[in-house]
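# Structural overview
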Amino acid sequence: MHSRTETIAPFLQHTLPIGALLLCWELVARTGLVNPYVFPPVSAIVIRLFGLFGNGAVYVPLESTVWRAVVGLCAAIVVGAPLGLLMGRARWAQWFFEPLFSFFFPLPKIALVPLYVHLFGLFSFSKVMLIFTDCLFPIVIFTYHGARGVSPTYLWSAQARGTGRVRMFWRVVLPLSLASLYDGIQVAVVVAILVAVVSEMVAGGSGLGHAMMLAFRYGDVRSAFAFLVTISLVGFLLYKAVQLLRDRLLFWHVAES
Amino acid sequence: MSCALYLRLQNVGMRFGEGVVALDSLDLSIAEREFVTIVGPSGCGKSTLLYLVGGFLKPTAGILTLRGNPIVGPGADRGIVFQRYSLFPWLTVRRNISYGLEELGVPRIERDRIVAEHVRLVHLEGFEDRYPRELSGGMQQRVALAQTLVCQPDILLMDEPFGALDAQTRRILQDELRRIWLRDTKTVLFVTHDVEEAVALGTRIVVMSTRPGRVKEVIRREFDVSDGEDFEANPQFSALKLRIWHSVKKEVEAVRR
Amino acid sequence: MKIVPLLLVVMLWQAASMSGLLPAAVLPSFFAVVVALLSLVKSGQIFPHTAASFLRAGTGLLIGTVCGTAVGLAMARFRPVQRAVEPILLSIYPVPKPALIPLFMVWLGIGDLSKITVIALSCLVPVMVSAFNGARSVDEILLWSARARGTTEYRLWWRVVLPAALPQVATGVRAAIAIALIVMVSSEFISAEHGLGYLIFTYGGVGADNAMMAVVLYLTAIGFLIDRAYVAGLRRLMAWHAFAH
């Protein structure tokens, strides 16, 4: 059982530097050293943030962004996880797909926005497709390595107990690959939000990215900052949610050293 | 003329954190040009003793002096050869050996000469431009020895330097070390768990008690040992080895009880 | 060997285009894209844009790497620095760096400075983390060995910790390169007058799909080559390390 002082100290340690930085920001913004329209004080941003949540202006874009990110991510899991598993266990799949993923990995997929807009239109679908494309990579790669890395001893001991190939897959390979898949999902969820927001910034439509760009265009830097903070919070919360769910979903998994 | 109080440990104690007493009331004196080996059961603190002399740890009790001066921290006057990983992996053999000279500010031409001399000394001609990862364990230890000797330390500390090597390589390196020592007669403090090694190399053998470590007994080796000698065939050797082995064994059993 | 799957995909693409399955209005054929790319190269049009893009990305990457390494090492060396920087770092982490582009354009103008700054900031984070972890995981024995050979505490960092941490820093830089490219393209989509992202955006906007795809292909190839060159360069420069990439 931690005493109160034991839990307070690290919490303070963690928040103090951030608090100090925010305080500096607030003071610098208020002293008139910088243009307050361009460099709004923290308090003004926070007020605007609450305002946006209060008058509901944030909910539609928030919902759009999150919905797109989640749909794109789920699509990537549905397609990418089986593909990664296949690549991990079937020689031909590895031979064919691995070089493809390797080759396209360094391309910043964001460069495909104009192409996707051309193919899929200006609205949600093109953005979801881009999120799907971008999330596919970490999911496939992680699952692939996970499926490949299944220690032979597991397979041999299952074989020795008379497990056929198909059952082997379901009872041994799949559970062990799930942990790697989840690692991929943790990476992909961050990518999903990032791609959602950036594609909205570039291609418009509803969504936090576009709302932020609009705010900048109208010179409403406070709202723009508020949207930026919202974006960051959403990303952070989704990442944390996935991280916390891990223990509940993978409760059976014992981390191999 | 050798000074009997070259290295002096007086009432040295070492306590780690929560009541782990590694050494207690340890007294030891070493004369110049002695080759002193230290044996004892596992956990008796022999390595700790070495690290204290090296200045890497500070004793919680007692004092250590070298040539009358207290030991306050690590320094080039106390060279140390570890069991492994003491070579810089990013430097070649040549650069590893010349490192100490560079730190001492020795000019280039002089450095090259000394390095070449030591490469010859440890029989590593032809390997000057190799990296540590390209060398065998035995070769790495030769480099470790050379890189320590170039600094001309007042005392050479060795922490089970041949412990990670196979029996044959160990024997070869023991003979080489003896050869080098006879040529140069440095003062050496050599820690080992191998009783035979302790007798083969040491002119004085220190037996340590089990934890908390103290000096149990100190035995002088009254006879000479030559390179390539068959120890089994030497009755004096076998007798001394047996005597020390029994002494150590008693300490091991004292723990078991 | 490795190139065959790629060739197969290309052949499939071309076949689909030629057979009419994939109309040119949807996606130009592979040959059409190659022709467009060749004409861009021949006319020399693509090179100033390539230079503009990679100058931005490269500068940002360099600044981010140097600063990231310095801060990471400082964090490993001085506990107060770690305590001060770490929470701030963790807060910056969830911010999608391209989202900072318009903000920095408001602060630093629409020119290269704002873009380079955001790229530098984006690259700083992974390199800093790698440098910090690399410095902290240096084997204690190496440090003791160095001290026992006359290395002062001050020189220890330059002669031992930095080289020992370099492999890990190099891995962080590889991630930073990918990030730099993403931010570079994003910034050029949002506002630019030159650059490969600018070309893609503009060609796409006017419906010049062949040219747009050509630049995308070009960018893909360059990205691939940069990554390969980086890994190969790493293997050579750090031949002493067992890089099992």
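Residues numbered from 1 in each chain as written. Chains lettered and ligands numbered in written order. Predicted model: local features only at pLDDT ≥ 70, side-chain atom pairs only at ≥ 80, totals over all residues.

## Details of the overall build of chain C
Basically, it comes down to this: In this description a helix means any DSSP run of H or I spanning at least four residues, a strand means any run of E spanning at least two, and both kinds are numbered starting from the N terminus. Here a residue counts as buried when 20 or more other C-beta atoms fall within 10 Å of its C-beta, as exposed when 12 or fewer do, and as partly exposed in between; the C-beta atoms come from the backbone.
Within chain C, the regular secondary structure consists of ten helices and zero strands. Each helix and strand of chain C, ordered N terminal to C terminal, gives the series α-α-α-α-α-α-α-α-α-α. With respect to the three principal axes, the spread of C-alpha positions in chain C is 75 × 50 × 30 Å. In chain C, buried positions account for 43% of the 245 residues.

## Here's the deal with the overall build of chain B
Put simply, the rule is: By the convention adopted here, residues are in contact when the distance between their C-beta atoms, placed from the backbone, does not exceed 7 Å.
Helix and strand content of chain B: seven helices and ten strands. Each principal axis of the C-alpha distribution contributes one length, and for chain B these read about 55 × 45 × 40 Å. Counting the 257 residues in chain B, one finds 42% classified as buried. A fraction of 72% describes how many contacts in chain B between residues 6 or more apart in sequence connect residues 24 or more apart.

## Some remarks on the interface of chain C and chain B
Condition: Three residue categories are used. Nonpolar comprises Ala, Val, Leu, Ile, Met, Phe, Trp, Tyr, Cys and Pro, charged comprises Asp, Glu, Lys and Arg, and polar comprises the others, including Gly.
At the interface, 15 residues of chain C touch 22 residues of chain B. Considered class by class, the residues forming the side of chain C that touches chain B number eight nonpolar, four polar and three charged.

## A few points about the sheet that holds strand S1 (residues 7-16) of chain B
Residue and element names in this part refer to chain B. Defined as follows: Two strands form a pair only when DSSP identifies at least two bridges running between them.
Spatially, S2-S1-S4-S5 is the arrangement adopted by the four strands of the open sheet, whose pairing is antiparallel. On the outer flanks of this sheet lie strand S2 (20-30) and strand S5 (69-70), each paired with one strand and no other. Bridge count for S1 against S2 is seven bridges, and the pairing is antiparallel. Within S2, the position partnered with Met14 by the bridge is Leu23.

## Notes on the sheet that holds strand S9 (residues 204-208) of chain B
All names here are of chain B. Operational definition: Under this scheme, a helix contributes an axis fitted over its contacting stretch, all axes are lines through C-alpha atoms, and angles between N-to-C directions fall in the 0 to 180 degree range.
Overall, mixed pairing links the six strands, which are arranged S6-S7-S8-S3-S9-S10 in an open sheet. The sheet is open, and its two edges are formed by strand S6 (78-81) and strand S10 (215-220), each paired on a single side. Pairs of neighbouring strands in the sheet enclose a mean axial angle of 20 degrees, with direction left out of account. Across four bridges, the pairing between strand S3 (residues 35-39) and S9 is parallel. Bridging across to S9, Val36 finds its partner in Arg204.

## Structural notes on helix H8 (residues 153-190) of chain C
This is how it is decided: Every helix has an expected span of 1.5 Å times one less than the residues it contains. A residue's bend is given by the angle between axes fitted to the 7 residues ending at it and the 7 residues starting at it.
Here H8(C) contains 38 residues, and its C-alpha end-to-end distance of 48 Å is more than 12% below the 56 Å for a straight helix at 1.5 Å per residue. The largest bend in H8(C) comes to about 50 degrees, at Leu166(C), with the proline Pro167(C) one to four residues further on.

## Digging into the interface of chain C and chain A
With 39 residues of chain C in contact, the opposing surface of chain A contributes 40 residues. Only helix H1 (3-19), helix H4 (79-92), helix H5 (101-108), H8, helix H9 (196-206) and helix H10 (209-237) of chain C provide two or more residues apiece to the side of chain C that touches chain A. In terms of residue count, the dominant contributor to the side of chain C that touches chain A is H10(C) (nine residues). Residue composition of the side of chain C that touches chain A, by class: 29 nonpolar, six polar and four charged.

## Examining the pairing of strand S7 (residues 155-159) of chain B
All names here are of chain B. Burial analysis of S7 places five of its five residues in the buried class, which makes it a mostly covered element. Judged by which residues are buried, S7 turns out to be covered on both faces: Ile155, Leu157 and Asp159 on one side and Leu156 and Met158 on the other are all buried. The pairing of S6 with S7 spans four bridges and is parallel. Paired with Gly79 across the two strands is Leu156, which belongs to S7. Pairing geometry for S7 and strand S8 (residues 187-191), over five bridges, is parallel. Looking across to S8, one finds that Ile155 is bridged to Thr187.

## Comments concerning the arrangement of the chains
Once contacts are tallied for each of the two pairs of chains in contact, the highest total is for chains A and C. Between chain A and chain B there is no contact, and the shortest C-alpha to C-alpha separation is 19 Å.

## Focus: the nonpolar core
We count it as follows: Note on definitions: a nonpolar core is a set of buried residues drawn from Ala, Val, Leu, Ile, Met, Phe, Trp, Tyr and Cys, linked by C-beta atoms within 7 Å.
Residues Ile139(A), Ala192(A), Met212(A), Ala180(C) and Val215(C) are the most contacted members of the largest nonpolar core, which totals 198 residues. What Ile139(A) contacts, discounting residues up to four positions off in sequence, is Ala76(A), Ile77(A), Gly80(A), Ala81(A), Gly84(A), Leu181(A), Gly184(A), Ile185(A) and Ala188(A).

## Overview of the environment of Gly207(C)
All names here are of chain C. Within the secondary structure, Gly207 sits in the loop between H9 and H10. Judged by the 11 C-beta atoms lying within 10 Å of it, Gly207 falls in the exposed class. Through-space distance from the C-alpha of Gly207 to that of Ala25 is 9.6 Å; in sequence the pair is 182 residues apart.

## Describing the domain arrangement of chain B
Residue and element names in this part refer to chain B. For the record, the criterion: In this document the domain limits rely on a domain assignment from an automatic tool or a database.
Looking at the assigned domains, one finds that chain B contains domain 1 (7-77 + 154-256) and domain 2 (87-152). Centre-to-centre, using C-alpha coordinates, domain 1 lies 25 Å away from domain 2. When residues of the side of domain 1 that touches domain 2 are assigned to their parent elements, the largest contribution, three residues, is made by helix H5 (residues 167-184). Residue classes in the side of domain 1 that touches domain 2 are distributed as eight nonpolar, one polar and no charged.

## Considering the packing of helix H4 (residues 91-104) of chain A against H1(C)
The condition that has to hold: Convention used here: angles under 35 degrees read as roughly parallel, angles over 145 as roughly antiparallel, angles from 65 to 115 as roughly perpendicular, and any remaining angle as oblique.
Direction vectors running N to C along H4(A) and H1(C) enclose 85 degrees, while the axes themselves pass 7 Å from each other. In this view, H4(A) runs roughly perpendicular relative to H1(C), as classed from their interaxial angle. On H1(C), the residues touching Phe96(A), Pro99(A), Leu100(A) and Phe103(A) of H4(A) are Pro5(C), Leu6(C) and Val9(C). Grouping the amino acids of the contact of H4(A) with H1(C) by side-chain chemistry returns seven nonpolar, no polar and no charged.

## Some remarks on helix H2 (residues 42-54) of chain A
Residues and elements named next belong to chain A. We apply this condition: Of all possible arcs, the one meant is that of the directions from the helix axis to the C-beta atoms.
With 13 residues, H2 should reach 18 Å at 1.5 Å per residue; the first-to-last C-alpha distance of 18 Å fits that figure. Those residues of H2 lying buried are Ile45, Arg48, Leu49 and Leu52. Along the axis of H2, the buried residues cluster in a sector spanning 105 degrees; they form a single face. Opposite the buried face of H2, by more than 90 degrees, sit the exposed residues Phe50 and Gly54.

## Overview of unusual backbone geometry
Residues and elements named next belong to chain B. Omega for the bond connecting Arg211 with Pro212 falls within 30 degrees of zero, at 0 degrees, which places this linkage in the cis form. Within the chain, Ser25 stands out as a residue other than glycine whose phi angle is a positive 45 degrees. By the secondary structure assignment, Ser25 is in strand S2.

## Points about the environment of Leu181(C)
For Leu181(C), the position within the fold is in helix H8. Under the C-beta neighbour-count criterion, Leu181(C) is labelled buried, with 27 such atoms within 10 Å. Sequence-wise, Leu181(C) and Arg56(C) are 125 residues apart; in three dimensions their C-alpha atoms are separated by 9.7 Å. For Leu181(C), the contacting residues outside a window of four places in its chain are Pro108(A), Ala57(C) and Gly223(C).

## Remarks on the environment of Ile179(C)
Residue and element names in this part refer to chain C. Of note, Ile179 is situated in helix H8. Owing to 23 C-beta atoms within 10 Å, Ile179 belongs among the buried residues under this scheme. Distance in space between the C-alpha atoms of Ile179 and Ala57 is 9.5 Å, their sequence separation being 122 residues. Setting aside anything within four residues of it in sequence, one finds Ile179 in contact with Ser122, Cys123 and Pro126.

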